[in-house]
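Summary of the model geometry
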Amino acid sequence: MVTNAAAVRLMIFDVDGVMTDGSLYYTDTGEEIKAFNSLDGHGLKMLRASGVKLAIITGRTSKLVANRARHLGIDFLHQGAHDKLVVFEQLLGEAGVSAAECGYMGDDVVDLPVMRRVGFAVAVPEAPELVLQSAHYVTGRAGGRGAVRELCEYLLQAQGNWESAMAPYLR
């Protein structure tokens with residue numbers, strides 16, 4: 001286990017390519033549609049229940065991301081973030097954490113400024129090589145296909161919370 005994973009108090013996620021497979025679907029009326037993974041969602045709920053705060057920083061803006069964040073109990077949602085590092089610096093104050101206590105999961109070069117600032121940087125395997133090289137951990141699962149769940153389980157184990165997270169299901 002990567003030791004800095006144990007220090008994460010705030011886990012931050014990009015959306016497209018991380019919580020989704022990165023595909024963008026539009027209806028004839030221009031409405032955007034995204035597919036989220038239910039396993040990822042439950043992993044986020046377990047991680048939040050363990051005491052880790054959750055945040056989203058995404059460059060795009062959509063009602064469906066706001067709805068998904070609300071359903072999952074995401075603590076901090078920042079959409080339309082064209083400079084993710086500026087938003088990240090603001091988020092540190094909002095959440096009352098240091099950069100070293102943050103994790104960030106991204107999939108593209110726009111995520112690099114934040115990935116290089118946090119204590120625990122995570123990438124999905126489809127990310128460009130430069131992003132993969134900047135990650136402390138690269139998931140085995142693809143974005144939108146269980147990568148978030150894999151990370152949540154990894155953090156629960158690294159922080160010694162795996163057994164208590166599983167206890168309700170193993171009675």
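Anyway, here's the lowdown on the structure attached to this text. Fair warning: this is a prediction, and the values are worked out from it, not measured in the lab.

Rules used in this analysis
Residues numbered from 1 in each chain as written. Predicted model: local features only at pLDDT ≥ 70, side-chain atom pairs only at ≥ 80, totals over all residues. Heavy atoms only, no water. Buried < 20%, exposed > 50% of the residue type's maximum accessible area, 1.4 Å probe, protein only. Helix = DSSP H or I, 4+ residues; strand = E, 2+ residues; numbered from the N terminus. Pairing = 2+ DSSP bridges. Salt bridge = Lys/Arg side-chain N within 4 Å of Asp/Glu carboxyl O. Patch = residues over 30% accessible without salt bridge, like charges linked within 9 Å, V, L, I, M, F, W, Y side chains within 5 Å. Areas by Shrake-Rupley, 256 points an atom, 1.4 Å probe, with all protein chains shown as cover.

Another aspect to go through is the pairing of strand β6 (residues 102-106). Of all five residues that make up β6, five are buried, and the element is covered over most of its length. By the alternation rule, side chains of β6 split into Cys102, Tyr104 and Gly106 and Gly103 and Met105, which are all buried. The pairing of strand β1 (residues 10-13) with β6 spans four bridges and is classified as parallel. The partner of Ile12 across the bridge, within β6, is Tyr104. Note that β6 and strand β7 (residues 120-123) share four bridges and pair parallel. Bridge pairing in β7 links Gly103 to Phe120.

Between side chains of opposite charge, pairing is possible as soon as their charged atoms come close. One pass over the structure, following the stated rule, counts 11 salt bridges. The salt bridge involving Arg60 is made with Asp16; its shortest N-O contact spans 3.4 Å. Placement of the pair is Arg60 in the loop between β4 (53-57) and α2 (63-72) and Asp16 in the loop between β1 and β2 (25-26), with a sequence separation of 44 residues. Relative accessible area serves as the criterion here: at 30%, Arg60 is assigned to the partly exposed category. Overall, the relative accessible area of 13% leaves Asp16 in the buried class. A salt bridge links Arg145 to Asp21; the nearest nitrogen and oxygen atoms lie 3.2 Å apart. Residue Arg145 is located in the loop between β8 (137-138) and α6 (147-158), and its partner Asp21 is located in the loop between β1 and β2; the two are separated by 124 residues in the primary sequence. The partly exposed category is assigned to Arg145, whose relative accessible area is 44%.

Together, Val109, Val110 and Leu130 make up an exposed nonpolar region whose accessible area comes to about 250 Å². As for its position among the elements, Val109 is in the loop between β6 and α4 (112-115). Looking at Val109, the relative accessible area reads 42%, which means it is partly exposed.

Worth remembering: the numbers are spatial, not functional.
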